[in-house]
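# Secondary and tertiary structure notes
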Amino acid sequence: MGPDREAFVAYPNRRAMVVVVASLAPLVAAILASQLLHPAAPFGLRLFALLVLIALAIGIAVCLRLALQKRPVLIVDRHGFTWTRWSDRPIPWEAVERWQRKRYLFNDYLTIWLKDPSAHPGKPIQRLLGFGNRKLNFGHVTIATGMDRSFEEMMRAFSDFAPKPPLPEDPRLARRLLSARAREERRRAEGGS
Amino acid sequence: MTERDLLDWRGIGTGYLLMLCYGAAFAMIALAPPGLDRWEQREAFVLGLMLLYGGWALVKRPARRVVEWWAEGRRTRHEGLKNAAVVVMCLLSAVLCIVAFPLASRFSW
């Protein structure tokens, strides 16, 4: 059904970005006032506070930039997907090895393994995050929420457009996976009609 | 209430929960400056946080019903209410940011 449907386009959820900034700001102020600028704070603690503040400042800057961004943050269509937080260049489906939904610390993520990651380099911060993500068994590109579309809508778009993940070698497992996919297709067809 | 509304309210609710935690921590510092040897104060803080979370868990379902009743079928009301909640949160956040500096002087490292 994939090629027939409209492209999936998602913009940043500005309100959510403002909420994140408002939630982090008192923490930044408290660390700044009680550790970094406090005259009696030990030197080691000041250094640690500085590192924490740099990480928080990067997070706030990213959220503010997304809150002001007017172009889409994710586009999924029949040619591939463009995750502008990773790169402004679209990544074609031919470059995707596999993709998987993952849950980590109560949050859902869509993680994608690329055939040749060097052909699709990400922005510096995303590369840094990607390095950490791979240590947690995530793929090269990981898409989280924070958009004006729900995670389930995004998953449906990937299911429709992206190549299906390869079947496992075990024939019984492969049969079960195929029947689960067929059930999902039927359920969505019934829901759509 | 749509799936989008639920997601938005969940995010806003988490933000308010954090404000409650910050508020509780700041109130504790205002009442008694923390010292490294005050174990009973930390226990009281953790207990206070648990009570706040319990209170939040009790309040959020009736609050959702009130929102659904007031804004049912009126998208502008719904969006306006979410925006108002975020604006109030930003104001609370700004107050906490300002208060953090005089409170920090009560710290005894």
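The structure presented is a predicted model; accordingly, all values stated were derived computationally and were not measured.

This brings us to the environment of Tyr11 of chain A. Residues and elements named next belong to chain A. By the element assignment, Tyr11 lies in the loop between strand S1 (8-10) and helix H1 (14-36). Looking at Tyr11, the number of C-beta atoms within 10 Å reads 15, which means it is partly exposed. Sequence separation of Tyr11 and Leu64 is 53 residues, and the distance between their C-alpha atoms is 14 Å. When residues no more than four places from it in sequence are discounted, the contact partners of Tyr11 are Pro72, Val73, Met147 and Asp148.

Let's shift gears to the sheet that holds strand S2 (residues 74-76) of chain A. All names here are of chain A. Strands sit in the order S1-S2-S3-S4 across an open sheet of four strands; the sheet is antiparallel. Two strands in the sheet have a free side with no partner beyond their single neighbour: S1 and strand S4 (91-92). With three bridges connecting them, S1 and S2 associate as antiparallel partners. Across the sheet, Val9 pairs through a bridge with Ile75, a residue of S2. Strands S1 and S2 of the sheet are contacted by helix H4 (residues 151-161), whose axis makes an angle of about 35 degrees with S2.

Its domain assignment divides chain A into domain 1 (13-68) and domain 2 (167-193). For domain 1 of chain A versus domain 2 of chain A, the separation of C-alpha centres amounts to 46 Å.

Time to look at the interface of chain A and chain B. The interface is formed by 17 residues belonging to chain A together with 21 residues belonging to chain B. By residue class, the composition of the side of chain A that touches chain B is 12 nonpolar, four polar and one charged.

What follows concerns the nonpolar core. Counting 29 residues, the largest nonpolar core has Met17, Val18, Val19, Val20, Val21, Leu74 and Trp83 of chain A as its most contacted members. For this core, the elements supplying multiple residues, two or more each, are H1, helix H2 (43-68), S2, strand S3 (80-83), strand S5 (96-104), strand S6 (107-114), strand S7 (141-143) and H4 of chain A. Residue contributions to this core peak at seven residues, all from H1 of chain A. When near neighbours in sequence (up to four residues on either side) are disregarded, Met17 of chain A contacts Pro12, Cys63, Leu66 and Ala67 of chain A. Counting residues in hydrophobic clusters, the runner-up holds 11 residues, among them Ala29 of chain A together with Leu18, Ile29 and Ala100 of chain B.

The rules behind these values
- Residues numbered from 1 in each chain as written.
- Chains lettered and ligands numbered in written order.
- Predicted model: local features only at pLDDT ≥ 70, side-chain atom pairs only at ≥ 80, totals over all residues.
- Helix = DSSP H or I, 4+ residues; strand = E, 2+ residues; numbered from the N terminus.
- Buried ≥ 20, exposed ≤ 12 C-beta atoms within 10 Å, placed from the backbone.
- Contact = placed C-beta atoms within 7 Å.
- Pairing = 2+ DSSP bridges.
- Axes fitted to C-alpha atoms, helices over the stretch in contact; angles between N-to-C directions.
- Domains from an automatic or database assignment.
- Nonpolar A, V, L, I, M, F, W, Y, C, P; charged D, E, K, R; others polar.
- Core = buried A, V, L, I, M, F, W, Y, C linked by C-beta atoms within 7 Å.

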